[in-house]
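# Residue-level structure breakdown
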Amino acid sequence: MFYTEPKVTLIARPQFVEPSHLPVQWLGDSTHGERLAEFAGRLCYMSQRNPASRTTADYLENIKKQGHGSVLEHATYSLLLEGVSRSLTHELVRHRAGTAMSQLSQRYVDESVADFVVPPAIVGDAELEGAWRAQMEAAQASYVALVERLMDRYKWVDDKVHRRKMAREAARGVLPNSTETKIVFTANVRAWRAILEMRSSEGAELEIRRLAVAIVRLLQTESPAFFSDFEIYTAADRREAARVTYRKV
């Protein structure tokens, strides 16, 4: 399979359990994650009575405006990312603060039926895409041949599982950066905002920018008060990008 778009699935969200002895005067619709952040912020000043009569959305808008990013760290969201290349995840995993990640292992997973991600720059160009696909197919064929020969070379290893791991970890070296991978990526809202600000910008690499824009859309739907200040637009290069009003809160 050749991917031309990433697949982004929300797999975990916060669940806020309001303490009965410190109730907040909630106004407006809000998600569990948004209420968790508001509760944490109000606790700092014991303002649960909501003296300014702000909705949760208004409260969090002010939090973003004032740059009180620590309040946003309480809420975390986990996403399953598929249809992304190992080239992309090499960049994504550089974001460490406030994140957790678990990625498909090429040592254990058989890549003889691997999928690949078409680089955005060549999508739609029949000649370039044809040449690229030929390279991917050749690399995959080399991988299969190497695994077969290495399994025979290591036939003295009694443990078949360990033998397969030894063969695959060596053979994976011929697989290209365009090999499709899957990763569970968890981040708190402050970290998500920082990642998306950087990776959805016009200067970001095209594949990770495409992913970041897709995540912005998902998280704006999931928890709008946290991400309402992100604006998706068509950039000068005719591709989607996003910009944010309150930077690096």
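Residues numbered from 1 in each chain as written. Predicted model: local features only at pLDDT ≥ 70, side-chain atom pairs only at ≥ 80, totals over all residues. Heavy atoms only, no water.

By the naming in an unreviewed UniProt entry, the protein goes by Flavin-dependent thymidylate synthase and is assigned to Gemmatirosa kalamazoonensis. Looking at the protein in UniProt, the text filed under Subunit (unreviewed entry) is "Homotetramer." Its UniProt record gives the protein a comment under Sequence similarities (unreviewed entry), which states: "Belongs to the thymidylate synthase ThyX family." (UniProt positions renumbered as here; feature names shortened; annotations may be inferred.)

## Section: the nonpolar core
Core analysis: the largest hydrophobic core is formed by 36 residues, its most contacted members being L60, L81, W192, L196, I215, F226 and F227. For this core, the secondary-structure elements that each account for two or more residues are helix 2 (56-66), strand 3 (76-85), helix 3 (86-92), strand 6 (180-188), helix 6 (189-199), helix 7 (206-222) and helix 8 (224-227). When residues in this core are grouped by element, the largest group, six residues, is from helix 7. With residues near it in sequence (within four places) discarded, L60 still touches E34, A37, E38, L72, A225 and F226. Of all hydrophobic cores here, the second largest spans ten residues; its members include M151, Y154, M166 and A171. (Core = buried A, V, L, I, M, F, W, Y, C linked by side-chain atoms within 4.5 Å. Buried < 20%, exposed > 50% of the residue type's maximum accessible area, 1.4 Å probe, protein only. Helix = DSSP H or I, 4+ residues; strand = E, 2+ residues; numbered from the N terminus. Contact = heavy atoms within 4.5 Å.)

## Some remarks on the UniProt feature "binding site: FAD" (unreviewed entry) in the protein
As recorded in UniProt, the sites labelled "binding site: FAD" (unreviewed entry) are S70, R94, H95, R96, Q103, N188, V189 and R190. Maximum C-alpha separation among the annotated residues is 27.3 Å over a sequence range of 121 residues, too wide for a single clustered spot. Structurally, the position occupied by H95 is in the loop between helix 3 and strand 4 (99-103). Residue H95 is classed as buried on the basis of its relative accessible area, which comes to 13%.

## Some words on the pattern of salt bridges
Summed over all chains, the structure comprises 16 salt bridges. One salt bridge connects E82 with K182, and the closest N-O pair in it is separated by 3.5 Å. With E82 in strand 3 and K182 in strand 6, this residue pair connects regions lying 100 residues apart in the sequence. Between D237 and R209 there is a salt bridge; the shortest N-O distance is 2.8 Å. Separated by 28 residues along the polypeptide, D237 in the loop between strand 7 (230-234) and strand 8 (240-244) and R209 in helix 7 bring together distant segments of the chain. Judged by its relative accessible area of 37%, D237 is partly exposed. A residue is classified by how much of its surface remains accessible, and R209, at 1% relative accessible area, is buried. One connected set of salt bridges, linked through shared partners, spans E61, K64, R193 and D229. (Salt bridge = Lys/Arg side-chain N within 4 Å of Asp/Glu carboxyl O.)

## A word on the environment of L88
Examined against the element boundaries, L88 turns out to sit in helix 3. Residue classification places L88 among the buried positions, given a relative accessible area of 1%. Taking C-alpha positions, L88 is 18 Å from M1, a pair spaced 87 residues apart along the chain. When neighbours within four sequence positions are excluded, L88 is seen to be in contact with E207, I208 and L211.

## Overview of the UniProt feature "active site" (unreviewed entry) in the protein
UniProt's entry tags R199 with the feature "active site" (unreviewed entry), counted in the numbering of this structure. Within the secondary structure, R199 sits in helix 6. Beyond its immediate stretch of four places on either side in the chain, R199 contacts E91, R94, H95, A204, I208, R209 and A212.

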